[in-house]
Amino acid sequence: LSNGLYFIGEGFYSLTNKAMSYFKTASIPSLKAIGNALGRGGLMYKNKWLDVTAMVSYITCWNCAATVSVTEVINGQSETLDHTAQYGLGNLGFNFDGNMHWGGFNLHLMCTVQDPKYKNYDNTFVFSDGSTKTISYNGKYSTGISRVELEIDPSYKYKDWRFWLSARYFSRQYASRTNLAYFNGRWETFGGVDWNIMKDLKLSLNVVNWLFQTGPKGSIDAVDTISDPSDLEGILMSGKYMRPFEVNIGVTYKF
């Protein structure tokens, strides 16, 4: 557009035939291909000490298949039904990415704000006595994805030494498709020192989780059919856990 200012855009579209795994569901899913599409565009500015990009994007998919199971007591007997749902996902997002560098110092900053929601995700169960139950995830936030993500990466290089830190923030992640269960926001932190002893030999000291954060992340499929928040009270739930505090020493030799 002008000196150092650029317009950037990207589009992506694909159709993928369903694999064998999609036919291990409660009923035969739609034979239509799974669709994925991405469109994004924005501005980029560059000069000697600064690179900045700001973009707006929309990602969507359709014809995905998933099985949901629900259990009810019918005429005094426990009855479990499986349902295969076809659904989609839409995500409108904004991303800012900046990189500042002067001398041996470099600072990278990134911020992502997004709105990942399910579309056309209804599940209707018909029990043996004719009663029905509908569980809808339409408009609910996707599990395991944060709406806000931040990243801060400072580093400094002096002669044969490089010192660096990395801190990444992930806001609340929903653990159930009903959005009743969730995991609180968390920081994932890293850092280290690299020493180029000679041309082909490097010694590294890396630290993981230097903020000593604890807690789970991810999703818990077992609570996807719970619609009453009181049913979750007093229930211990867990997903994948964050990496613990670690100190690693590595040696890299190139030949």
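Residues numbered from 1 in each chain as written. Predicted model: local features only at pLDDT ≥ 70, side-chain atom pairs only at ≥ 80, totals over all residues. Heavy atoms only, no water.

S.K.: I'd love a proper account of the pattern of salt bridges, names of residues and values included.
M.R.: Across all of its chains, the model carries nine salt bridges by this definition. Residue Glu151 is joined to Arg168 by a salt bridge in which the shortest nitrogen-to-oxygen separation is 3.9 Å. Of the two residues, Glu151 is situated in strand S8 (residues 148-158) and Arg168 in strand S9 (residues 161-170); the sequence distance between them amounts to 17 residues. Each of Asp115, Lys117 and Arg147 takes part in one network of salt bridges that share partners. (Salt bridge = Lys/Arg side-chain N within 4 Å of Asp/Glu carboxyl O. Helix = DSSP H or I, 4+ residues; strand = E, 2+ residues; numbered from the N terminus.)

S.K.: Give me the lowdown on the side chain of Asn91, citing residues and values where you can.
M.R.: Following the sequence through the fold, Asn91 ends up in strand S4 (residues 77-102). Looking at Asn91, its side chain comes within polar contact range of the side chain of Gln114, at 3.1 Å. At 3.0 Å, the side chain of Asn91 and the backbone nitrogen of Asp115 are in polar contact. Once you skip the residues sitting within four places of it in the chain, Asn91 turns out to touch Ser57, Tyr58, Ile59, Gln114, Asp115 and Pro116. (Polar contact = N/O pair within 3.5 Å; in protein donor to acceptor, adjacent residues only side chain to side chain. Contact = heavy atoms within 4.5 Å.)

S.K.: Outline the nonpolar core, listing residues and values.
M.R.: Tyr87, Tyr118, Tyr121, Phe125, Phe127 and Tyr137 are the most contacted members of the largest nonpolar core, which has 17 residues in total. When contributions to this core are tallied by element, the ones reaching two or more residues are strand S3 (50-74) and S4. It is S3 that provides the largest number of residues to this core, a total of six residues. Excluding anything up to four places from it in sequence, Tyr118 contacts Tyr87, Gly88, Leu89, Tyr137, Asn138, Gly139, Lys140, Tyr141, Ser142, Thr143 and Arg177. Among the nonpolar cores identified, the runner-up in size contains seven residues, and Ala175, Ala181, Phe183 and Ile220 belong to it. (Core = buried A, V, L, I, M, F, W, Y, C linked by side-chain atoms within 4.5 Å. Buried < 20%, exposed > 50% of the residue type's maximum accessible area, 1.4 Å probe, protein only.)

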